[in-house]
Amino acid sequence: MRHKRLPHVKRDRKQRKDNMEYEYREEVKKRSGLQGNDYQNDSIDGMIEDVLYFMIDAGVSEKIAYSKKAIGAVTRGVIDSWNMNSDGKTDFSPLFYKRLSQLCYGKEENADV
């Protein structure tokens, strides 16, 4: 299920990459056990973007979303997106939603932690 992207988070790929304070792909791959060639890396990057947009649309500040503090939630979101059920559908896990709630209430001054 795709979520509507808000205008304030629309930007081209280079701008998003430049604004990222933390390199997500390698950390997500390391934490999740996903491996990848260029094709799979593009898929993982797309899932990371979708998870980040979902988090920002849900109320996580961009500063927190693009910081090390959010890497666990982003990884969980990517794993949830990667795994389809028998109907070919995906859904975020309860753990992802709990972490998302915590990040929504997080303080931006602690974003680099």
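See the structure above.
Right, let's walk through the structure included here. (Residues numbered from 1 in each chain as written. Predicted model: local features only at pLDDT ≥ 70, side-chain atom pairs only at ≥ 80, totals over all residues. Heavy atoms only, no water.)

Turning next to the nonpolar core. Grouped together as the largest cluster of nonpolar side chains are 24 residues, with contacts concentrated most on Tyr24, Ile48, Met55, Val74 and Val78. Secondary-structure elements contributing two or more residues to this core are α2 (24-32), α3 (38-58), α4 (62-65), α5 (71-82) and α6 (94-104). With 8 residues, the top contributor of residues to this core is α3. Among all residues touching Val74, those that are not within four sequence positions of it are Tyr24, Val28, Ile48, Val51, Leu52 and Met55. (Core = buried A, V, L, I, M, F, W, Y, C linked by side-chain atoms within 4.5 Å. Buried < 20%, exposed > 50% of the residue type's maximum accessible area, 1.4 Å probe, protein only. Helix = DSSP H or I, 4+ residues; strand = E, 2+ residues; numbered from the N terminus. Contact = heavy atoms within 4.5 Å.)

As a packed pair, α3 and α6 sit with axes 10 Å apart at the nearest point and diverge in direction by 55°. Classified by the angle their axes make, α3 and α6 are oblique. Where α3 crosses over α6, the two elements pack in a sense that is right-handed. Contacts from Val51, Phe54, Met55 and Ala58 of α3 reach α6 at Phe96, Tyr97, Leu100, Leu103 and Cys104. Across the contact of α3 with α6, the residue classes tally to 9 nonpolar, no polar and no charged. (Axes fitted to C-alpha atoms, helices over the stretch in contact; angles between N-to-C directions. Parallel < 35°, antiparallel > 145°, perpendicular 65-115°, else oblique. Left-handed = near helix turned anticlockwise from the far one by under 90°. Nonpolar A, V, L, I, M, F, W, Y, C, P; charged D, E, K, R; others polar.)

On to α2. The complete set of buried residues in α2 reads Tyr24, Arg25, Glu27, Val28 and Lys29. Of the surrounding elements, those touching the buried residues of α2 are α3, α4 and α5. Following α2 by one or two positions, Gly33 adopts a phi angle in the positive range, close to 85°.

Attention shifts here to the pattern of salt bridges. Evaluation of the coordinates by the stated rule reveals 5 salt bridges. The partner of Arg25 in a salt bridge is Glu26, and the shortest N-O contact between them spans 4.0 Å. Glu26 gets classed as partly exposed once you look at its relative accessible area, which sits at 44%. Here Arg76 and Asp80 are joined by a salt bridge, their closest N and O atoms 3.0 Å apart. On the criterion of helical spacing, the pair formed by Arg76 and Asp80 is a turn pair, its members being 4 residues apart in helix α5. According to the relative accessible area criterion, Arg76 is partly exposed, its value standing at 26%. Overlapping salt bridges, with partners in common, bring together Arg25, Glu26 and Asp45 in one network. (Salt bridge = Lys/Arg side-chain N within 4 Å of Asp/Glu carboxyl O.)

Function-wise, these values are silent; they only describe arrangement.
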